[in-house]
Amino acid sequence: MKNVLALLILVLSFTGILNAQDSKYVDAMKKNIAMMDSLRTMDNMKDLTNSFLRIANAEKDKWLPYYYASYLYVITSYSDTVKSKKDVYLDEADKAIKMADSLKPNESEIYVLQGMISQARMQEDPMNRYMIYLEKMNGNFNKALALDPTNPRPEYLMGMTTFYTPEQFGGGAEAAKPVFASSLKKFNEFIPKNELMPKWGKNSLEAFLKQNNLLQK
Amino acid sequence: MKGIISICILVSLIPAAIYCQTKITGKVLDSKGSPLPGANIYIKGSYDGTTSKTDGTFSFKTNEKGDAILVASFVGYKKYENKITLKKVDLKIDIQLEEEITQMNAVVVSAGSFEASDEKKGVILRPLDVLTTGSTADLYTSLSTLPGAQKIGETEGLFVRGGSASEAKTIIDEMIVQKPFNSSVPDLPSRGRFSPMLFKGTVFSTGGYSAQYGQALSSALILKTQDMPTQTITAINLMVYGFGGSHTQLWDNTAVSVEGAYYNLNPYNKVFPQRVDWDKSTSSTSLSSNFRQKITENGLLKAFVSYSKSEVSLYLPDLDNLPNKTFYSLKPEDYYSNVSYRDILGDWNLFGGFSYSLDKDRINAAGNNIAQDQQLTQAKFTANKKISDNTYITFGAETQNTLYDDTYNQLNVKLNEIYTAGFVESDIYFTNDLAAKIGIRTEHSKVLDKFNLAPRISFAYRLGNYDQLNFAYGRFYQTPEKDFLIMYNKFNYENADHYIANYQYLGENQTFRIEFYYKQYHDLVKGTIYTYPILNVPVVPFSNDGAGYAKGIDVFWRDGKTFPNCDYWVSYSCLDTKREYSNYPTMAFPTFAAPHTLSIVFKRWFESITSFLAFTYIHASGRPYFNPNNPEFLGDRTDSYNNLSMNISYVARWFKSYSVIFFSVDNLLGFANVYGYRYSTDGKIRNPVLPPSLRSVFLGIFISIGEENQYQ
């Protein structure tokens, strides 16, 4: 009887530790995710990227810390004005998202980010790079949509590319409108699977649509 | 009960831990002692850590206790790990990070070569540049706007730094191409056989190239074919002198494409005045197919096969019996195939390839029937591995079996050459700023029955963020051409030593390069063989007694920054060369070299009309030509060569895909260019060698029909 009790307590105490461990992870992630809305400087971004990477290093089986680190590297690449440095950030973004992908294959959000990396690489030198990266980007966004048709982010980003593509090449505001509308509809209906899952994009899409008078009545 | 006690201990420890924080402070520095901001410093396995500030300092608190590992990591530097003990006492630790030597951070050895690639950083050209330079969308025409390459109009080939066309080799997926150009008729150049669209990367070496390649005394053009295509697509091409089409089908791990084309220059040559007396202008049919199969994560199998057949005939002036003309006809038939596999197995980067080609020319020259068949079977493998922190090693071997079968009327000559070669090369990164490539190659030729040993060394030293110095030395061997080998059986290898030094600035959208070179030729093959044009000079006996040199300066400047939407480059080559070879009775400045060559390429993109406008101007000083009346051999020079060509590419979006309308004019200003003169046997009559027409015009429409984007 004594043994059984000890075993029971042991089991309970372990689950307790596990829960404590998990809540530590959730708390740290929540704190970091909350900070993403208030990023102002390059130092802020580097700080937060490093923080996500520390969590990723400590938690061997979690893909989200890598995902957010990768996302922040992409954002940093857009913010850095030194052109030659952009690819360095995107290389790091690539490494991080590949780690995420190895931990969680076939995740729609990971494909969104891979598409975003291609998009960023293309924008550095569209004339020479569109041939490689346009297809890669579309491939990733389409795969993201196929894996989760309710995910609003692929269409948000595809719409941006369409918007900035000259009209002669099938782009422009009119062509982008229906894509944005579909994305916005999905944003309004989107419920993240848990509190740590990505939910970025809605505010910036709405702001962008307002700024360019694209909101459909 | 014990369990409960342990739980109690555990629980009582938790709040205690909170008050057990240890503060760690310090500074992160690089090996030169400068602060490194942005480094990630943390306790391994925990979330505790921070990022170093602008002055390199850091400070953070941790709840961990006892033995722990402090980690510092920063992109481009080796990870720092240090065992520490955490026991409430504040720690002060300064960290020095060592720069990581990786191929990505390190200086790239680039003496003697120009690279065009989408994938790599720090290259001088992009594949798109190849398509929009000059007027013909021909790879070799574009390369002739780079310094070191000569502008030769009367025959095809790459003439590099005083070298003849046979001294430059084209290599596709690691293997030499027996016949990179279409067959041509006397004094009229032909185009490259392979479309520039097939390749994702181009390295044009004007000297000092790697030990992985051989059999080219002057230059190697190293081409890498495209990997997996990215979409299923159909293309239709309509041109002033023909049409073609292709289809690429893409599956998950497989892609197949087929392409066919038919050209006929007869209608074009009837409309635009020709200086050539054509009987039947060139007509050709070609078929090709590409296959790609992804076998493992990194393993890709590539196969390419092509077949083409063409026909051309014309009348050449018979200078000894004017106004008589001699009839000349040519019917070539060419097969080419290349299969290769590349993979990464553990630490090893492996490549294996096989190629077979058969080229048949049927010539009728003034009633003489000439048949020239050439068959090449070759195989090559290379292996590459990182053997230490800063050293990579590459080795490999190749073998080529060539069968020549020539018939001149009833006379038949056969020759079988088996060439084998092996090489070892190492890339050593002493620091990120100093790198060396050291290699050695050995070759054996069955016909010559001799071995050779060719060392190759090159260095790169980075001066600042954007500029570097390069040095190269190498020895290059080449087996004499078939025309000589069938005449005499005691030949040795021809060889050349290259010495190259350059300075290169590779800024953001601005490139400057100046290169000095000296090339010493030894053992060049001498002897008279009666091929066109036949020179009226004393018969030279066969030997390896020829020699020569070439020295000069190549300058390149490219600027895509100063003028918005504009990109231009300027190349200048200064060349001094002399050689005694082939049927040359003495040392002379060869016919295929100009002392000064200048080319200017200017491109502008017009966003509003989605069009590319490009101009190419080439100036080359006069080249020597053979005049039997001049006692000095090759003592005469032509007038200088000038050409301004332009092209417009209009990019349109039809059928949800991109289409291009390409229009070009060669020699827009109508410069009267003369490439040289041909003399009658008595030297009394001469005929200029001219381009086939004063100007030439090209119009093509390239339509692609892809899959619709699926997201709408």
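Rules of the game
- Residues numbered from 1 in each chain as written.
- Chains lettered and ligands numbered in written order.
- Predicted model: local features only at pLDDT ≥ 70, side-chain atom pairs only at ≥ 80, totals over all residues.
- Helix = DSSP H or I, 4+ residues; strand = E, 2+ residues; numbered from the N terminus.
- Buried ≥ 20, exposed ≤ 12 C-beta atoms within 10 Å, placed from the backbone.
- Contact = placed C-beta atoms within 7 Å.
- Pairing = 2+ DSSP bridges.
- Axes fitted to C-alpha atoms, helices over the stretch in contact; angles between N-to-C directions.
- Core = buried A, V, L, I, M, F, W, Y, C linked by C-beta atoms within 7 Å.
- Parallel < 35°, antiparallel > 145°, perpendicular 65-115°, else oblique.
- Left-handed = near helix turned anticlockwise from the far one by under 90°.
- Nonpolar A, V, L, I, M, F, W, Y, C, P; charged D, E, K, R; others polar.
- Domains from an automatic or database assignment.

A tally of helices and strands in chain A yields nine helices and zero strands. Along chain A, helices (α) and strands (β) appear in the sequence α-α-α-α-α-α-α-α-α when read from the amino end. Looking at chain A as a whole, 35% of its 217 residues qualify as buried. Counting contacts in chain A only where the partners sit at least 6 residues apart, residues at least 24 apart contribute 54% of the total.

Residues and elements named next belong to chain B. Judged by pairing direction, the sheet is antiparallel, and its four strands sit side by side in the order 3-2-5-6 without closing on themselves. The open sheet terminates on both sides in strands that have one partner only, identified here as strand 3 (49–51) and strand 6 (80–86). Across this sheet, the average inter-strand angle for adjacent strands is 15 degrees, counted without regard to direction. As paired elements, strand 5 (residues 66–73) and strand 6 share seven bridges and run antiparallel to each other. Residue pairing in the sheet places Asp67 in a bridge with Thr85 of strand 6.

Nonpolar side chains in soluble globular proteins generally cluster together in the buried interior. Residue and element names in this part refer to chain B. Membership of the largest hydrophobic core comes to 57 residues, with the highest contact counts inside it found for Leu143, Leu158, Ile171, Ala220, Leu221 and Ile222. Take this core: its biggest share by element is four residues, from strand 13 (residues 219–225). Each residue touching Leu158, except ones within four places of it in the same chain, is listed here: Tyr140, Leu143, Ala149, Ala165, Ala168, Ser219 and Leu221.

On to the sheet that holds strand 11 (residues 175–176) of chain B. Residues and elements named next belong to chain B. The sheet built from five strands is open, its strands ordered 9-12-13-10-11 with mixed pairing. Taken across any chain shown, the strands that pair with only one partner, and hence form the sheet edges, are strand 9 (113–117) and strand 11. Bridge count between strand 9 and strand 12 (residues 199–205): five bridges; the pairing is antiparallel. Directly across from Ser113, in strand 12, lies its bridge partner Ser205.

All names here are of chain A. Following both chains from N to C, one finds helix 4 (residues 83–103) and helix 5 (residues 108–124) inclined at 165 degrees, their axes separated by 10 Å at the closest point. Taken together, the axis directions place helix 4 and helix 5 in an arrangement best described as roughly antiparallel. Viewed along their axes, helix 4 and helix 5 form a crossing whose handedness is left-handed. In contact with Lys83, Lys86, Leu90, Ala93, Asp94, Ile97, Ala100 and Asp101 of helix 4, helix 5 contributes Ile110, Leu113, Gln114, Ile117, Ala120, Arg121 and Glu124. Classifying every residue of the contact of helix 4 with helix 5 by side-chain character gives eight nonpolar, one polar and six charged.

Looking now at the pairing of strand 28 (residues 510–526) of chain B. Residues and elements named next belong to chain B. Pairing between strand 27 (residues 494–507) and strand 28: 13 bridges, direction antiparallel. Counted as the bridge partner of Asn495 is His522 from strand 28. Taking the residues between adjacent antiparallel strands as the criterion, strand 27 and strand 28 are bridged by two residues, where Asn509 takes a positive phi near 70 degrees. The sheet contact formed by strand 28 and strand 29 (residues 543–559) spans 14 bridges and is antiparallel. In the sheet register, Ile514 faces strand 29, and the bridge partner there is Val555.

In this section: the environment of Leu91 of chain B. Residues and elements named next belong to chain B. Mapped onto the secondary structure, Leu91 falls in strand 7 (residues 91–92). Assessed through the 15 C-beta atoms surrounding it within 10 Å, Leu91 is described here as partly exposed. Put simply, Leu91 and Asp347 are 256 residues apart on the chain and 40 Å apart in space, counted from C-alpha to C-alpha. Excluding residues within four positions of it along the chain, Leu91 makes contact with Thr22, Ile24 and Ile84.

Our focus in this paragraph is the domain arrangement of chain B. Under the domain assignment, chain B is made up of domain 1 (18–97) and domain 2 (113–706). Spacing between the C-alpha centres of domain 1 of chain B and domain 2 of chain B amounts to 56 Å.

A negative phi holds for most residues other than glycine; trans holds for most peptide bonds. Residues and elements named next belong to chain B. A cis amide bond, omega 5 degrees, links Leu322 with the succeeding residue Pro323. Within the fold, Pro323 resides in the loop between strand 18 (300–317) and strand 19 (325–345). Not every positive phi belongs to a glycine, and Asp187 is a case in point at roughly 65 degrees. Structurally, Asp187 is set in the loop between strand 11 and strand 12.

It is worth spelling out helix 9 (residues 202–211) of chain A at this point. Since the α-helix advances by 3.6 residues per turn, residues separated by three or four positions end up pointing in the same direction. Of all 10 residues making up helix 9 of chain A, only one are buried, and the element is barely covered by its neighbours. In the segment just after helix 9 of chain A, Asn213 of chain A is the residue with positive phi, at about 55 degrees.

Residues and elements named next belong to chain B. Turning to its location among the elements, Glu494 is positioned in strand 27. Residue Glu494 is classed as buried on the basis of its 24 C-beta neighbours within 10 Å. As a C-alpha pair, Glu494 and Phe351 span 143 residues in sequence and 29 Å in three-dimensional space. Ignoring anything within four residues of it in the chain, the contact list for Glu494 reads Leu217, Gln478, Pro480, Asp523, Leu524 and Val525.

Attention shifts here to the packing of helix 3 (residues 64–79) of chain A against helix 4 of chain A. Residues and elements named next belong to chain A. At a minimum axis distance of 8 Å, the contact between helix 3 and helix 4 shows a crossing angle of 165 degrees. As summarised for this structure, helix 3 and helix 4 are arranged roughly antiparallel, according to the angle between their axes. Crossing geometry of helix 3 relative to helix 4 is assigned as left-handed. Contact with helix 3, carried on its side by Tyr66, Tyr67, Ala69, Ser70, Tyr73, Val74, Thr76 and Ser77, involves Lys86, Tyr89, Leu90, Glu92, Ala93, Ala96, Ile97, Met99 and Ala100 of helix 4 and no other residues of that element. In terms of residue class, the contact of helix 3 with helix 4 is made up of 12 nonpolar, three polar and two charged.

With that settled, the discussion passes to the pairing of strand 15 (residues 242–250) of chain B. All names here are of chain B. Examined bridge by bridge, strand 14 (residues 233–239) and strand 15 share seven bridges and lie antiparallel to one another. If you follow Ile233 over to strand 15, its bridge partner there is Thr248. Here strand 14 hands over to strand 15 after two residues, the two strands then running antiparallel side by side. Relative to strand 16 (residues 254–264), strand 15 is paired through nine bridges, and the arrangement is antiparallel. Each residue of the ladder has a partner; that of Thr248, found in strand 16, is Ser257. Hairpin connection between strand 15 and strand 16: a loop of three residues separates the two successive antiparallel strands.

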